[in-house]
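Single-letter residue listing:
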Amino acid sequence: MRLTELFSKKFVVTSEIGPPKGWQIEKCLQEAEHLKGKVDAINVTDNQSSVMRFGSLATCHFLKDRGIEPVYQVVCRDRNRIALQSDILSAAAFGIENLLLLTGDHTKLGDHPQAKPVFDLDSVSLIYAVKKLEEGQDLAGNKLESEPPKFSIGAVVSPCSDPVEPQLIKMEKKVKAGAQFFQTQAVYETDKFVKFMEKAKQFGVPVMAGIVVLKSVGMARYMNENVAGVYVPDNLIEELKKDKEKTKSGQTGIEIAAKLIKELKPYCQGVHIMPLGWDDKVPKIIELAGLS
Amino acid sequence: MIVSQQKPIDEILKMLEGEKSVFVVGCNGCAEVCETGGEKACVELKQKLEASGIKVAGCTVVDFMCNKLLDSLKILRHKKKIDSADSILALTCGIGVQAIASVIDKYVHPANNTIYLGGFQGLWPSIEKCAECGDCVLDLTGGICPVINCSKSLLNGPCGGTKNSKCEIDKELDCGWEKIYNRLKKLNRLENFQKLVKLRDYSKMFPSAELRNTGFYDIEKE
Ligand code: SF4
Ligand code: SF4
């Protein structure tokens, strides 16, 4: 089922899983089972943070087999335009209908800093390439045999970046290239998000606010130091500090995530919850946010 | 020796769309040898521009456009005419375009594609670099090269990795796209950033035999 068909009907909720560093995928699929029926679809990250892992496409295929709707994440870091188009055609044959197309982190940030950073395409040109495939042509203009594939084309944007204008310009460029929905970088500053949406509304595409579950004070501080476009305000850090046991058990993170969702809901068309391994907490967040 | 080739005239005219007058600057260094700078190329291009209804407010050559000091001196001398023009058209390599763009708050269009470092190592006295991509995009980016200045060589805008104006790979490294954004904003050309999806054409990186045929290359072959 394509996500784009859902936005007119409901507030869409997605979550995500990251494939393991190894080939035994069962545990990862079981994590996804926690979320089955609770979320509308599950993103599968593509060698997230430039760390080499089990493939996103194969994981999506396994999810599909278990009746879970996947969102196939594709980054431009590791493959050139020939391999990217080829993988996207393969996804169509597996019945994968939702894509999230990203530039991807630089190879230098991962566990193979020696690798060649490919970036033959970038997020905008990859979206454009998929659009062309949907029109029955490849990027070089050659005709595809038989029926062209059809996807929901997703993209990302970073709404709390400073300055935010380049993000908005690029978002518009993605929409023009063919992006049909957006999932955002983690949002903790609701006021900034609201301001961003005032401007992003004009593009007429659904936006799903990104929610990253806060696990500890250290994690919040680390993100403030190192993660682009993300800032955890002091009041949330204070909340994490208040009750150490509660924070450790995950309860504080769950409550903060649910509160953020409630605040953001009137301004967006869905949320994308990134649990970073705490998949079992997602159902509670959804319940507490009043989305179940 | 930095080998360049003039962009097709249609592409040059497209870059100048909406402008009435340009100031033409040609490089008398490597580009002169390639006949893509120097007086001859400037005069020929000037005629083509005028035939297409674009006024050439003035024309000059700089010995080495990669030298910012020489660029600045020439700009000073022609300041009035440059001020009266909508933009500068630079007949030089990618480094020359970036060098002159860095010393003047005026939009600079590249007339050439930079293809090849042939025969002799390129020597230039400035921090600007060119990767000889063969399909110069400096016109879209306000004279700051994204192939060199963005760690991912992105052509369609910044990734989400910029933090405090720095690149995601290194806290000491300026984000090239933030520099491009600031420059386009300052010169009121943000719409350039919006232009069509730009795809890199890697086939243009492989120069034809004819282009490889510089004097130095011939000497080395023997
Ligand atoms: S875009 Fe950059 S690498 Fe390409 S020719 Fe221009 S200056 Fe050189
Ligand atoms: S942070 Fe800036 S310079 Fe670094 S890869 Fe992203 S856009 Fe390019």
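Residues numbered from 1 in each chain as written. Chains lettered and ligands numbered in written order. Predicted model: local features only at pLDDT ≥ 70, side-chain atom pairs only at ≥ 80, totals over all residues. Heavy atoms only, no water.

Draft legend 1. Molecular detail of a nonpolar patch on the surface. Among the surface-exposed residues, Leu69, Leu73 and Leu76 of chain B lie close enough to one another that they form a single nonpolar patch of about 340 Å² accessible area. Along the chain, the position of Leu76 of chain B falls in helix α4 (residues 68-77). (Patch = residues over 30% accessible without salt bridge, like charges linked within 9 Å, V, L, I, M, F, W, Y side chains within 5 Å. Areas by Shrake-Rupley, 256 points an atom, 1.4 Å probe, with all protein chains shown as cover. Salt bridge = Lys/Arg side-chain N within 4 Å of Asp/Glu carboxyl O. Helix = DSSP H or I, 4+ residues; strand = E, 2+ residues; numbered from the N terminus.)

Draft legend 2. Local environment of the interface of chain A and chain B. In this complex, chain A contributes 33 residues to the contact, which on the side of chain B involves 28 residues. In total, about 2,500 Å² of surface goes out of reach between chain A and chain B, with carbon and sulfur atoms giving 55% of it. Between chain A and chain B we count two salt bridges in total. Between Glu165 of chain A and Lys185 of chain B there is a salt bridge; the shortest N-O distance is 3.1 Å. Counting across the interface, chain A meets chain B through 19 residue pairs in polar contact (both at pLDDT 80 or more). Mapped by element, the contributors of at least two residues to the side of chain A that touches chain B are α4 (123-134), α5 (165-177) and α7 (217-226) of chain A. The biggest single contributor to the side of chain A that touches chain B is α5 of chain A, with nine residues. (Contact = heavy atoms within 4.5 Å. Buried area = accessible area lost by both parts, 1.4 Å probe. Polar contact = N/O pair within 3.5 Å; in protein donor to acceptor, adjacent residues only side chain to side chain.)

Draft legend 3. Seen up close, α7 of chain A. All names here are of chain A. Among the residues making up α7, those that are buried are Val217, Met219, Ala220, Met223 and Asn224. Buried residues of α7, seen end-on, are gathered within an arc of 165° and therefore sit on one face of the element. In α7, those exposed residues whose orientation departs by more than 90 degrees from the buried face are Tyr222 and Glu225. Of the surrounding secondary structure, the elements contacted by the buried residues of α7 are β7 (207-212) and α8 (234-242). (Buried < 20%, exposed > 50% of the residue type's maximum accessible area, 1.4 Å probe, protein only. Arc of directions from axis to C-beta.)

Draft legend 4. Structural detail: the confidence of the model for chain B. Averaged over every residue, the pLDDT of chain B is 89; residues scoring 70 or more account for 91%. Prediction confidence for the complex, expressed as pTM and ipTM, is 0.89 and 0.91 respectively. (pLDDT = per-residue confidence, 0-100.)

Draft legend 5. Structural detail: the sheet that holds strand β2 (residues 21-27) of chain B. Residue and element names in this part refer to chain B. The four strands are arranged β3-β2-β4-β5 in an open sheet whose pairing can be described as parallel. Each edge of the sheet is formed by a strand with only one pairing partner; in this case those strands are β3 (55-62) and β5 (108-110). Strand-to-strand twist across the sheet, computed as the mean angle between neighbouring axes with direction ignored, equals 25°. With three bridges connecting them, strand β4 (residues 87-91) and β5 associate as parallel partners. When the bridges of β5 are listed, Ile88 appears paired with Val108. Its contacts with the sheet put helix α3 (residues 38-51) on β2, β3 and β4, and the angle it makes with β3 is roughly 170°. Across the sheet, helix α6 (residues 94-102) touches β2, β4 and β5, and the angle it forms with β5 is around 180°. (Pairing = 2+ DSSP bridges. Axes fitted to C-alpha atoms, helices over the stretch in contact; angles between N-to-C directions.)

Draft legend 6. Expanded view of the pattern of salt bridges. All names here are of chain B. Enumeration according to the criterion identifies 33 salt bridges over all chains in this entry. With its nearest N and O atoms 2.8 Å apart, the salt bridge here joins Asp83 to Lys79. Of this pair, Asp83 and Lys79 both sit in helix α5 (residues 79-84), four residues apart, which is roughly one turn of that helix. A relative accessible area of 43% means that Lys79 is categorised as partly exposed. Measuring nitrogen to oxygen at the nearest pair gives 2.9 Å for the salt bridge that ties Glu168 to Lys152. Separated by 16 residues along the polypeptide, Glu168 in the loop between β7 (166-167) and β8 (170-174) and Lys152 in the loop between α7 (146-149) and β7 bring together distant segments of the chain. Under the relative-accessibility criterion, Glu168 is labelled buried at 19%.

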